[in-house]
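Structural overview
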Amino acid sequence: MGRPTHGAAAPAGAATPAGAATRRPVTGSVHSWDLSTGVDGPGTRFTAFLAGCPLACLYCHNPDTWRLRNGRRTTADELVAEAAKYTAFIRAAGGGATLSGGEPLLQPVFAGELLHRFRHELGLHTALDTSGFLGARASDALLADTDLVLLDVKSWEPGLYRKVTGGRGEIAPTVAFARRLALLGKEVWVRFVLVPGLTDGADNIEGVAAFAASLGNVSRVDVLPFHKLGAAKWEAVGRTFPLAGTPVPTPEQVAGAREVFAAHGLYAV
């Protein structure tokens, strides 16, 4: 950590320039990390959950990640060293490393450093799980070190988007970020949570599907059935789970939503 950078300047959104031989001491707030398979991108992934999120989605199953203070101050060195313990296994399983949250782009410099080092130092496929609401904070350098973006599209209708995100979000930043990713040719998996009585309206699903299909870089759509597994976490942080009385979608409802995306030529699972 103290070798010269040979004059390279660090781009905004990443502490270490692409191709540089050094690492800079960057610290961020990390809620937790885990190894997962088939959830946070292709193959087995080392997934780091960064703390802090500007949204308050009604169906969020990790409300304990909303505040930066919910995490532990962690250096990039620490997290990369942790991931390095599993690189042989991850590569053998066709996986990589994913930044999730919370919202990783709330800490763009820390996120950029991690993605850079996961990719260049550990040789791992990298993924960024984001709502796109803070997409303007993602520098070109950060995106250059990102192989896949898992883009959470909360809803298509502006009023519904605000409702779903607890009155804190707007669809426009996500749309702008998605179009930027398309111009860069960056692979995207769209994620859409199906909530009966909330996001399952025909026009809403059709809107998300038509937009995703228009981009040209969406290789997969995950239609995620709403669940209540995080309800206890809401109670733990002193909040009432707002969707406690909402039923989970039936298999037929999930299949129907997937069919809408498939009708637009998208691979939906």
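Relevant structure appears above.
Here we summarise the structure given alongside this text. All figures in this text were calculated on a predicted structure; none of them were measured in a lab.

In terms of regular secondary structure, the protein is built from nine helices and eight strands. Here the protein has a C-alpha radius of gyration of 18 Å; the compact-globule value for 269 residues is 18 Å, and the two agree. Principal axes of the C-alpha set define a box for the protein whose edges measure 55 × 40 × 35 Å. When each of the 269 residues of the protein is scored for burial, the buried share is 51%. For the protein, long-range pairs separated by at least 24 residues make up 73% of all intrachain contacts whose partners lie at least 6 apart in sequence.

What describes a pair of aromatic rings is the distance from one ring centre to the other and the angle between the planes of the rings. One pass over the structure, following the stated rule, counts eight aromatic pairs. Site record: aromatic cluster; members linked through ring pairs are Trp 33, Phe 46, Tyr 86 and Phe 118. Its end group placed over the ring of Trp 66, Arg 168 keeps NZ or CZ at 6.0 Å from the ring centre. Over the face of the ring belonging to Trp 189 we find Arg 220, whose NZ or CZ atom lies 4.1 Å from the ring centre.

To continue, consider the environment of Ala 210. In this fold, Ala 210 is placed in helix α7 (residues 202-215). Spatially, the C-alpha atoms of Ala 210 and Glu 78 are 42 Å apart, while their sequence positions differ by 132 residues.

A contiguous patch of positive charge on the surface is contributed by Arg 67, Arg 69, Arg 168 and Arg 239. As for its placement among the helices and strands, Arg 168 is situated in the loop between α5 (158-164) and α6 (171-184). Assessed through its relative accessible area of 40%, Arg 168 is described here as partly exposed.

Under the criterion given, the structure shown has 10 salt bridges. Across the pair Glu 82 and Lys 85 runs a salt bridge, and its minimum N-O distance is 3.3 Å. On the basis of relative accessible area, Glu 82 is assigned to the buried category, the value being 17%. Asp 147 is paired through a salt bridge with Arg 119; the nearest N and O atoms lie 3.1 Å apart.

All chains considered together, the criterion is met by zero disulfides. In this structure Cys 53 is a free cysteine whose sulfur lies 6.4 Å from that of Cys 57, the closest cysteine sulfur available.

As for its position among the elements, Val 153 is in the loop between β6 (148-152) and α5. As for Val 153 and Glu 235, which are separated by 82 residues in sequence, their C-alpha atoms are 26 Å apart. Leave out the neighbours within four places in its chain, and Val 153 touches Val 190, Arg 191, Phe 192 and Val 208.

Turning our eyes to something else, we now look at the packing of α7 against helix α9 (residues 251-263). Packing of α7 against α9 leaves a shortest axis separation of 8 Å and a crossing angle of 35°. Along this stretch, α7 crosses α9, giving a crossing that reads as right-handed. Across the interface between the two elements, Ile 205, Glu 206, Val 208 and Ala 209 from α7 touch Ala 257, Val 260 and Phe 261 from α9. Classifying every residue of the contact of α7 with α9 by side-chain character gives six nonpolar, no polar and one charged.

As a further point, take the nonpolar core. Where a protein is soluble and globular, its nonpolar side chains tend to be buried together. Counting 71 residues, the largest nonpolar core has Leu 114, Phe 118 and Phe 261 as the members making the most contacts within it. Counting residues per element, this core draws most heavily on α7, at six residues. Apart from the residues lying within four places of it in its own chain, the contact partners of Phe 261 are Phe 192, Ile 205, Val 208, Ala 209, Val 221, Val 223, Leu 266 and Ala 268.

Right, let's talk about unusual backbone geometry for a bit. Omega for the bond connecting Gly 101 with Gly 102 falls within 30 degrees of zero, at 15°, which places this linkage in the cis form. Position of Gly 102 relative to the elements: it lies in the loop between β4 (96-100) and α3 (108-120).

Further remarks concern helix α1 (residues 76-84). Within α1, burial applies to Ala 76, Leu 79, Val 80, Glu 82 and Ala 83. Down the axis, α1 shows its buried residues gathered within 155° of arc, on one side only. Buried residues in α1 make contact with β1 (27-37), β2 (44-50), β3 (72-75), α2 (87-92) and α3.

Most of strand β5 (residues 125-130) sits inside the fold, with five of its six residues counted as buried. As paired elements, β4 and β5 share four bridges and run parallel to each other. From the neighbouring strand, Gly 96 faces β5, where its bridge partner is His 125. Traced from β4 through α3 to β5, the parallel crossover comes out right-handed. When β5 meets β6, the two strands line up parallel, connected through four bridges. Paired with Ala 127 across the strands is Leu 148, a residue of β6.

Definitions and cut-offs
- Residues numbered from 1 in each chain as written.
- Predicted model: local features only at pLDDT ≥ 70, side-chain atom pairs only at ≥ 80, totals over all residues.
- Heavy atoms only, no water.
- Helix = DSSP H or I, 4+ residues; strand = E, 2+ residues; numbered from the N terminus.
- Rg over C-alpha atoms; globule rule 2.2 N^0.38 Å.
- Buried < 20%, exposed > 50% of the residue type's maximum accessible area, 1.4 Å probe, protein only.
- Contact = heavy atoms within 4.5 Å.
- Phe/Tyr/Trp six-rings, centres within 6.5 Å; stacked < 30°, edge-to-face > 60°.
- Lys NZ or Arg CZ within 6 Å of the ring centre and 35° of its normal.
- Patch = residues over 30% accessible without salt bridge, like charges linked within 9 Å, V, L, I, M, F, W, Y side chains within 5 Å.
- Areas by Shrake-Rupley, 256 points an atom, 1.4 Å probe, with all protein chains shown as cover.
- Salt bridge = Lys/Arg side-chain N within 4 Å of Asp/Glu carboxyl O.
- Lys, Arg positive; Asp, Glu negative; His and termini not counted.
- Charge placed at Lys NZ, Arg CZ, Asp CG, Glu CD.
- Disulfide = S-S within 2.5 Å.
- Axes fitted to C-alpha atoms, helices over the stretch in contact; angles between N-to-C directions.
- Left-handed = near helix turned anticlockwise from the far one by under 90°.
- Nonpolar A, V, L, I, M, F, W, Y, C, P; charged D, E, K, R; others polar.
- Core = buried A, V, L, I, M, F, W, Y, C linked by side-chain atoms within 4.5 Å.
- Arc of directions from axis to C-beta.
- Pairing = 2+ DSSP bridges.
- Right-handed = clockwise from strand over helix to strand, strands pointing away.

Purely spatial values, then, with no claim about function.
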